[in-house]
Amino acid sequence: MSDVVKKLYSIQGMHCASCAMSVDWALEDLDGVAEASTSYAKGHTQVAFDPTRVDESAIRAAIVGAGYTVLET
Ligand SMILES: [Cu+2]
């Protein structure tokens, strides 16, 4: 098992707890994502992933695909 890294992504467009849940599901569907922890109140998601199996563009695309905007930091 390779190293899992954790990264925080700021998300725009979530307006309730079920939005955060949709983001969690979209991310956890990705091969290589171990865990996503999305907070509607904080407007961000913390993603634990294996960078050898999934890259950040796929993570961003999954969030966008769920209907939200990823803020560049
Ligand atoms: Cu919502």
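Please refer to the structure placed before this passage.
Below is a summary of the structure that appears in this document. (Residues numbered from 1 in each chain as written. Predicted model: local features only at pLDDT ≥ 70, side-chain atom pairs only at ≥ 80, totals over all residues. Heavy atoms only, no water.)

### Some points on the coordination of the copper ion
Right, so step 1: Each protein donor to the copper ion is listed here as Cys-16 (SG) and Cys-19 (SG); together their distances run 2.1 Å.
Right, so step 2: By relative accessible area, which is 25% here, Cys-16 ends up partly exposed. (Donors = N, O, S within 2.8 Å, 3.2 Å for Na, K, Ca; no water. Buried < 20%, exposed > 50% of the residue type's maximum accessible area, 1.4 Å probe, protein only.)

### Here's the deal with the sheet that holds strand E2 (residues 33-39)
Right, so step 1: Across the sheet, four strands lie side by side as E2-E3-E1-E4; this open sheet has antiparallel pairing. Edge positions in the sheet fall to E2 and strand E4 (69-71), since each of these pairs with one other strand and no more. Neighbour-to-neighbour, the strand axes of this sheet turn through a mean angle of 35 degrees, independent of strand direction.
Right, so step 2: Across six bridges, strand E1 (residues 5-12) lies against strand E3 (residues 44-49) in antiparallel orientation. Across the sheet, the residue bridging to Ser-10 is His-44, located in E3. (Pairing = 2+ DSSP bridges. Helix = DSSP H or I, 4+ residues; strand = E, 2+ residues; numbered from the N terminus. Axes fitted to C-alpha atoms, helices over the stretch in contact; angles between N-to-C directions.)

### Examining helix H1 (residues 17-28)
Right, so step 1: For H1, with twelve residues, the first-to-last C-alpha span of 17 Å sits near the 16 Å given by 1.5 Å per residue.
Right, so step 2: Each element contacted by the buried residues of H1 is listed here: E1, E2, E3 and helix H2 (56-65). (Expected span 1.5 Å × (residues − 1). Contact = heavy atoms within 4.5 Å.)

### A short note on the side chain of Ser-39
Right, so step 1: Here Ser-39 shows up in strand E2.
Right, so step 2: In this structure Ser-39 touches Met-14, Ala-20 and His-44, once residues within four positions along its chain are discounted.

### What to know about the environment of Gly-13
Right, so step 1: In this structure, Gly-13 sits in the loop between E1 and H1.
Right, so step 2: Measuring from C-alpha to C-alpha, the distance between Gly-13 and Pro-51 comes to 26 Å, with 38 residues separating the pair along the chain.

### A few points about the environment of Val-4
Right, so step 1: Tracing the backbone through its elements, the reader meets Val-4 in the segment before E1.
Right, so step 2: On the basis of relative accessibility, which here comes to 42%, the residue Val-4 falls in the partly exposed class.
Right, so step 3: Residues Val-4 and Cys-16 lie twelve residues apart in sequence; the distance between their C-alpha atoms is 29 Å.
Right, so step 4: For Val-4, the residues in contact, after removing those within four places along its chain, are Ala-48 and Phe-49.

### Thoughts on the environment of Gly-43
Right, so step 1: Positionally, Gly-43 belongs in the loop between E2 and E3.
Right, so step 2: Take Gly-43: its relative accessible area is 17%, and that puts it in the buried class.
Right, so step 3: Ignoring anything within four residues of it in the chain, the contact list for Gly-43 reads Tyr-9, Ser-10, Ile-11 and Met-14.

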